[in-house]
Amino acid sequence: MLLMGAAMGANESARGLRQLVWLGVGLAAAAWAGCESEPVTSTPVEGNTDTGTLDAGGSASTGADSAGSGGEGGAGGEVGDAPPAPELEGLLVAGVEINLKPAFDPKTTRYSVLASDPAGDLVVAAAAASGLQIEIDGQLAVSGVPLALPDVRPGSDFVVDVTNDAGDHTQYRVVYLPADFPNYQVGALEDGASEDPLYLSARSRDSYYVVKLNNDGVPLFYRKTAEPAFDFKKQPTGHVSYAEFKSDTTLAEHVVLDDTYTEVDRVTTVGLVDTDEHEFVMQPNGNYIVLAYERVVRDLTEFGRGSSETILDGIWQELSPDHEVLFQWNAWDHMVFGETVYGSKDKRDYSHMNSLFVDEDGNWIVSSRGMAQILKIERATGDVLWKLGGAQNDFTFVNDPYDGLCGQHTASILDNGHLLIFDNGQYCYPPMPEREELTRVVEYALDEDAMTAELVWSYSRQGTYCESQGSAQRLANGNTLIGWGLGTDLIASEVTPDKDTVFELRAANRSGKTTSYRALRFAE
């Protein structure tokens with residue numbers, strides 16, 4: 001049910017209160033008294049309302065002088081203490097499909113609402129104690145009385161500002177999301193979860209977005225893309241990037257944004273046609289590492305195939321900031337086509353490299369899903385130093401019940417020297433029917449002298465089989481963030497070393513499942 005329109009005057013505030021309580025605000029009647037306070041100057045926070053883009057820049061905050069020595073949210077103490085920061089006591093938004101997210105709390109200053117399809121006008125009501133002034137999107141409002149915002153449309157945001165007689169104010173920002181934006185739901189948020197923002201590339205049948213969320217599931221930044229987007233993340237240089245796949249070509253472009261989310265570069269491989277979207281790394285020195293799945297014609301008769309077949313060579317390049325090729329590596333020179341674990345349908349993409357990580361010595365750790373194998377490649381020569389998993393496995397697995405990998409993603413070296421992998425459970429070498437549909441995250445302690453890989457930590461979860469995509473990231477707090485890729489509606493989980501879930505995010509859209517290629521956290 002929608003609230004009454006903005007034409008409701010101050011003499012109708014009691015009726016507005018009854019409607020709000022009926023709709024679930026549930027505030028005491030005393031909170032709505034004194035709703036005709038004198039105007040006081042306030043300072044709304046301006047947002048970027050460009051179509052399809054929100055650059056929110058972080059949470060709205062209280063005014064500089066609004067916090068007193070009476071304690072956080074306290075009522076003050078000794079004579080001379082500053083008054084507490086003014087707060088709303090209730091906030092309701094109607095005219096949307098998904099109402100205020102998260103549920104209103106006076107201490108929470110950032111929210112989102114999801115537009116109906118088609119979207120109508122927003123109607124907003126806010127409540128505050130007697131003596132406080134409320135402004136909604138720059139318009140003076142009466143406590144408890146609904147106000148229409150016909151100029152606030154999906155893709156923008158608005159601020160509710162509450163001010164006391166001393167001029168202290170608190171601003172509550174509401175992000176008004178387009179109707180096709182993913183309906184993210186926080187399923188768990190416990191003490192110990194990282195507070196670093198979550199980076200996602202949202203894809204569904206409805207739309208494509210790159211999204212930066214806080215732990216309440218509210219966007220701090222989002223951008224709608226015309227084509228499917230992949231691999232949204234923050235780079236070591238401070239830039240952020242994402243890959244935009246071009247559906248009418250074989251080309252993906254890596255879009256580089258600065259810290260204001262302004263595009264500063266687009267990167268593709270040089271001298272190759274088929275730039276790939278799976279991985280893009282910006283080195284601290286500004287160099288780029290970028291992949292290609294390059295179409296080539298090769299004689300495959302020794303593998304029981306034709307003498308002139310088109311396959312995909314996995315190639316990666318290191319480029320200078322000026323896009324000059326500094327290094328190039330081709331899977332064909334180091335892998336054997338006939339050892340791929342891919343079935344006949346996908347076999348031409350025999351290596352399917354999907355992650356590259358630079359270790360502390362400057363060597364490359366490369367994940368080859370097509371070979372169910374991780375490779376360490378020497379920086380100076382391009383020689384393969386070792387292979388973990390696959391037909392040419394150099395290691396003995398210790399304490400691993402499956403003794404191998406299955407079509408994995410995101411191999412990285414941790415600060416302790418261990419290897420962390422998102423092990424999908426599809427395309428195993430050797431075949432492992434006993435695994436059934438098991439996706440897991442594995443951490444191996446590698447002994448490169450004895451050539452052993454000891455499983456020291458793993459995590460799996462019933463009902464979260466991820467047949468493709470996915471990620472695993474060890475966070476600064478010691479927890480592991482898991483992106484569940486193409487599987488269930490579960491987007492991300494953060495788990496402790498003891499395997500307790502402290503954060504969980506799900507998503508769904510009107511027309512079906514929303515997925516994210518990876519889920520990653522990065523500090524501000």
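Structure first, text after, so check above.
Each value, and the rule that gives it
Residues numbered from 1 in each chain as written. Predicted model: local features only at pLDDT ≥ 70, side-chain atom pairs only at ≥ 80, totals over all residues. Heavy atoms only, no water. Helix = DSSP H or I, 4+ residues; strand = E, 2+ residues; numbered from the N terminus. Buried < 20%, exposed > 50% of the residue type's maximum accessible area, 1.4 Å probe, protein only. Contact = heavy atoms within 4.5 Å. Areas by Shrake-Rupley, 256 points an atom, 1.4 Å probe, with all protein chains shown as cover. Pairing = 2+ DSSP bridges. Axes fitted to C-alpha atoms, helices over the stretch in contact; angles between N-to-C directions. Salt bridge = Lys/Arg side-chain N within 4 Å of Asp/Glu carboxyl O. Core = buried A, V, L, I, M, F, W, Y, C linked by side-chain atoms within 4.5 Å. Phe/Tyr/Trp six-rings, centres within 6.5 Å; stacked < 30°, edge-to-face > 60°. Lys NZ or Arg CZ within 6 Å of the ring centre and 35° of its normal.

Asks: Which residues make up the overall build of the protein chain, and what values go with them?
Replies: Helix and strand counts for the protein chain come out as one helix and 37 strands. Evaluated residue by residue, the protein chain yields a buried proportion of 55% over its 524 residues. When contacts within the protein chain are restricted to residue pairs at least 6 apart in sequence, those whose partners lie at least 24 apart make up 55%. Accessible area for the protein chain stands at about 21400 Å²; split by element, carbon and sulfur atoms hold 47% of it.

Asks: Requested: an account of the sheet that holds strand β29 (residues 419–423), with residues and values cited.
Replies: Pairing in this open sheet of five strands is mixed, and the strands run β27-β31-β30-β29-β28 from one edge to the other. If you trace the sheet from one side to the other, it starts and ends with β27 (396–398) and β28 (409–413), each paired once. On average, each strand axis in the sheet is tilted by 25° relative to the strand beside it, whichever way the strands run. Summarising the sheet, β27 and strand β31 (residues 452–460) pair through three bridges and their orientation is parallel. Looking at β31, one finds that Phe397 is bridged to Ala453.

Asks: Run through the pattern of salt bridges, naming residues and quoting values.
Replies: Across all of its chains, the model carries 27 salt bridges by this definition. Note that Asp157 and Arg173 form a salt bridge whose closest N and O atoms lie 2.5 Å from each other. With Asp157 in strand β9 (residues 156–163) and Arg173 in strand β10 (residues 169–177), this pair connects stretches of sequence that are 16 residues apart. Taken as a pair, Asp157 and Arg173 share a single burial class, namely buried. The closest approach of N and O atoms between Arg461 and Glu504, which form a salt bridge, is 2.8 Å. Taken together, the positions of Arg461 in the loop between β31 and β32 (471–474) and Glu504 in strand β35 (residues 501–509) put the pair 43 residues apart, joining distant regions of the chain. In this structure Glu504 comes out as buried when scored by relative accessible area, which is 9%.

Asks: Give me the nonpolar core: which residues, what numbers.
Replies: Membership of the largest hydrophobic core comes to 26 residues, with the highest contact counts inside it found for Leu88, Ile136, Phe158 and Val160. Within the residue set of this core, elements represented by two or more residues are β2 (88–94), β3 (96–101), β4 (110–115), β5 (122–128), β6 (133–136), β8 (147–149), β9 and β10. The residues touching Val160, leaving out its near neighbours within four places in the chain, are Leu88, Leu91, Ala126, Ile134, Glu135, Ile136, Thr170, Gln171 and Tyr172. The next biggest cluster of nonpolar side chains, apart from the first, holds 23 residues, and it includes Ala202, Tyr222, Leu475 and Leu481.

Asks: I'd like a rundown of the sheet that holds strand β23 (residues 353–358), residues and numbers included.
Replies: Strand pairs in the sheet, formed through backbone hydrogen bonds, run parallel or antiparallel to each other. Pairing in this open sheet of four strands is antiparallel, and the strands run β23-β24-β25-β26 from one edge to the other. The outermost strands of the open sheet, each flanked by one partner alone, are β23 and β26 (384–388). Strand-to-strand, the axes of this sheet are offset by a mean angle of 20°, without reference to chain direction. Of the pairings in the sheet, the one linking β23 to strand β24 (residues 364–368) comprises five bridges and is antiparallel in character. Each bridged residue has a counterpart across the sheet, and for Met353 the counterpart in β24 is Ser368.

Asks: Go over the side chain of Asn214, please, and point to the residues and values.
Replies: Relative to the elements of secondary structure, Asn214 occurs in the loop between β13 (208–213) and β14 (219–224). Once residues within four sequence positions are removed from consideration, Asn214 is found in contact with Arg110 and Leu220.

Asks: Go over the environment of His409 with me, naming the residues and quoting the values.
Replies: Relative to the helices and strands, His409 resides in strand β28. Considering only alpha carbons, one finds His409 and Ala472, 63 residues apart in sequence, at a separation of 8.1 Å. Once residues lying within four places of it in the same chain are set aside, the contact partners of His409 are Asn354, Ser367, Arg369, Ile421, Phe422, Asn424, Ser468, Gln469, Gly470 and Tyr517.

Asks: Lay out the packing of aromatic side chains with the relevant residues and their values.
Replies: Summed over all chains, the structure comprises 25 aromatic pairs. Look at Tyr342 and Tyr427: their rings are 4.6 Å apart centre to centre, the planes differ by 45°, and that puts the pair in the tilted class. With Tyr342 in the loop between β22 (325–330) and β23 and Tyr427 in the loop between β29 and β30 (440–447), the pair connects residues that are 85 residues apart, well separated along the chain. The class for Tyr427 is partly exposed, based on a relative accessible area of 22%. Members of the aromatic cluster, joined through ring pairs, are Tyr199, Phe221, Phe232, Tyr242, Tyr261 and Phe522. The cationic tip of Arg203 hangs over the ring face of Phe230; the distance from NZ or CZ to the ring centre is 4.3 Å. Over the aromatic face of Phe503 sits the side chain of Arg521, whose NZ or CZ is 4.7 Å from the ring centroid.

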